[in-house]
Protein chains: 2
Amino acid sequence: MISQLIEKIQKTKAPICVGLDPMLGYIPSHIVEKAFQEYGETMEGAAEAVWQFNKEIVDHTCDLIPSVKPQIAMYEQFGIEGLKAYAKTVDYCQKKGLIVIGDVKRGDIGSTSAAYAAGHLGRVKVGNTMCSGFHTDFITVNPYLGTDGVKPFVDVCREEDKGIFVLVKTSNPSSGEFQDRLIDGRPLYELVAEKVVEWGNASMDGTYSNVGAVVGATYPEMSRILRKLMPHTYFLVPGYGAQGGTAADLKHCFNEDGLGAVVNSSRGIIAAYKQEKYAKFGPEHFAEASRQAVLDMIADINSVL
Amino acid sequence: MISQLIEKIQKTKAPICVGLDPMLGYIPSHIVEKAFQEYGETMEGAAEAVWQFNKEIVDHTCDLIPSVKPQIAMYEQFGIEGLKAYAKTVDYCQKKGLIVIGDVKRGDIGSTSAAYAAGHLGRVKVGNTMCSGFHTDFITVNPYLGTDGVKPFVDVCREEDKGIFVLVKTSNPSSGEFQDRLIDGRPLYELVAEKVVEWGNASMDGTYSNVGAVVGATYPEMSRILRKLMPHTYFLVPGYGAQGGTAADLKHCFNEDGLGAVVNSSRGIIAAYKQEKYAKFGPEHFAEASRQAVLDMIADINSVL
């Protein structure tokens, strides 16, 4: 699966993914009002607004980008209706030729992780029939439970040609609270990184592994070290843009072949029309603002590669 | 919320929760076949079997127990239909007077954790209407992202009188891989425990906090230390029964007041009819086997308190 992502990155010259994290506050009022008129101020109404918003952004950006990253929490907050919008978004993006990274951050004991892996990446046996749930291409995985909690995801990567990104060093302000603590003189995230490399050896797909790592753009010195520690691991890099990471900060996430990282931006793209820079588009043309923001992000990142 | 759980524990004299983690393989064939006849070998069929299985177990045990713990992965594997069965199970258990602990192990950066907290514990604003998603009473939370990833859950606990159990020391074999690593001479799980106490101070509910901890039954020496480190923290204790934890192992999870822990058993209860001990009930009377297993578990745990 990582080779498919790389192929699309090379074709678009855009090592990015658009974070489809549609808070209701980001969605222009004409979309929200139309959805409420049809379904009321209900979970169904919210989910419809989310879906229409996503669809228009995807329609206006899919030719420019290799991948999207829907954050499932933004859908899960609207219960079943929200999750239906998540599933619909995943399907639609895949039909548009995009690689879909489900940002689900799941992780549990072995048998439970196996269920998550089946539901999000693989298939589940119902009687004699194989059924698939959310069938995203990649998901994000939390490593706190250790190898037996991650292995079921790696198994599905190998068996079904899918991928995962394991949280190594996250982009948020307090990520260091546990992740940076020193163990035998080295931060915990480095130990996790070494395990990610070990897990990744079980599912290589060309030069890179289907088992990638989440490495925040907000900690450039750490990404430099992690890049060296994990030469064949693809990085999913959150934190660019709204969270404060700049293109210069991203440089260390890439290998010398110009590969090795896919950079996410959510708010910076999907709510671009709210920024002064893109205000001229207006809420009616929010998706054109998103398209321009994608073009600007691609140029910005390529300027440091 | 923790005071409500404690009240029910005292009333039932049963510091336990039944893990509603219905793998299809646990469900007797007469239920599965009936569901498949109605809905085919589909996600809908699987979800119907899960729901009928849960309902019968809840009907046969709800007068004996204070709480249940559905593991959402076992529902999520069946996609949207599975999640509908999860929501239906949560509603049904609450109507039967049970406290529902959603074992979801969510955790992300602040804004994303806020969405999970709203979706699983709190409410979400849709226009001028407050809607609620899964509205479980407690959920489990993963601490890997640190304070800003946990705080939104704690805020909802305080505002909506709900509860969480933060993963401290999990019950699985490789939990020690990261959790046991020494930082300044002390294992990571102790540092997490100290943070849980700190977070918990923001949402006290009587003697105990609404912010609890997951502490596996499979590591009794560690639970002894954690019990002392976190005197006002309730423990959710997985790992009893099928995973190997015994009643003697559980003793250290409790305080001298006989409170402080709620012990989970999943397979040991819901698939009791598959054990030799309860085979006499047969698959047709699986829920009566579950009832007997609950009675035995309560007696077993009370024997060490």
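Residues numbered from 1 in each chain as written. Chains lettered and ligands numbered in written order. Predicted model: local features only at pLDDT ≥ 70, side-chain atom pairs only at ≥ 80, totals over all residues. Heavy atoms only, no water.

Regarding the interface of chain A and chain B
With 71 residues of chain A in contact, the opposing surface of chain B contributes 71 residues. Roughly 5,700 Å² is buried in total at the junction of chain A and chain B, and carbon and sulfur atoms are behind 62% of that figure. Of all residues in chain A, Glu-41, Tyr-144 and Phe-178 of chain A give up the largest surface area on contact with chain B, accounting jointly for 15% of the area buried on that side. One can count seven salt bridges joining chain A with chain B. Its salt-bridge partner being Lys-105 of chain B, residue Asp-108 of chain A comes within 2.9 Å of it at the nearest N-O pair. Run the count over chain A and chain B and you get 31 residue pairs in polar contact (both at pLDDT 80 or more). Taken together, the residues of the side of chain A that touches chain B sort by class into 33 nonpolar, 25 polar and 13 charged. (Contact = heavy atoms within 4.5 Å. Buried area = accessible area lost by both parts, 1.4 Å probe. Salt bridge = Lys/Arg side-chain N within 4 Å of Asp/Glu carboxyl O. Polar contact = N/O pair within 3.5 Å; in protein donor to acceptor, adjacent residues only side chain to side chain. Nonpolar A, V, L, I, M, F, W, Y, C, P; charged D, E, K, R; others polar.)

Focus on the sheet that holds strand β12 (residues 211–215) of chain A
Residues and elements named next belong to chain A. With respect to topology, eight strands assemble into a closed barrel ordered β1-β2-β3-β6-β7-β12-β13-β14, the strand pairing being parallel. In this sheet, strand β13 (residues 235–237) lies alongside β12 in parallel orientation, the contact comprising two bridges. Paired with Val-214 across the bridge in β13 is Leu-236. Helix-sheet contacts for helix α13 (residues 286–302) involve β1 (16–18) and β14 (261–265), and the interaxial angle to β1 is about 155 degrees. (Pairing = 2+ DSSP bridges. Helix = DSSP H or I, 4+ residues; strand = E, 2+ residues; numbered from the N terminus. Axes fitted to C-alpha atoms, helices over the stretch in contact; angles between N-to-C directions.)

Some details on the relation of the copies chain A and chain B
It takes a turn of 180 degrees to lay chain A on chain B, together with a shift of 0.0 Å along the axis; the resulting RMSD is 0.0 Å. On this basis, the relationship between the two copies can be described by a two-fold rotation axis. Proximity to the rotation axis, assessed at the C-alpha, singles out Ile-183 of chain A in chain A; its C-alpha lies 2.6 Å from the axis. When the interface residues of chain A are mapped onto chain B, 100% of them again lie at the interface, so the same face is used by both copies. (Least-squares fit on C-alpha atoms with pLDDT ≥ 70 in both.)

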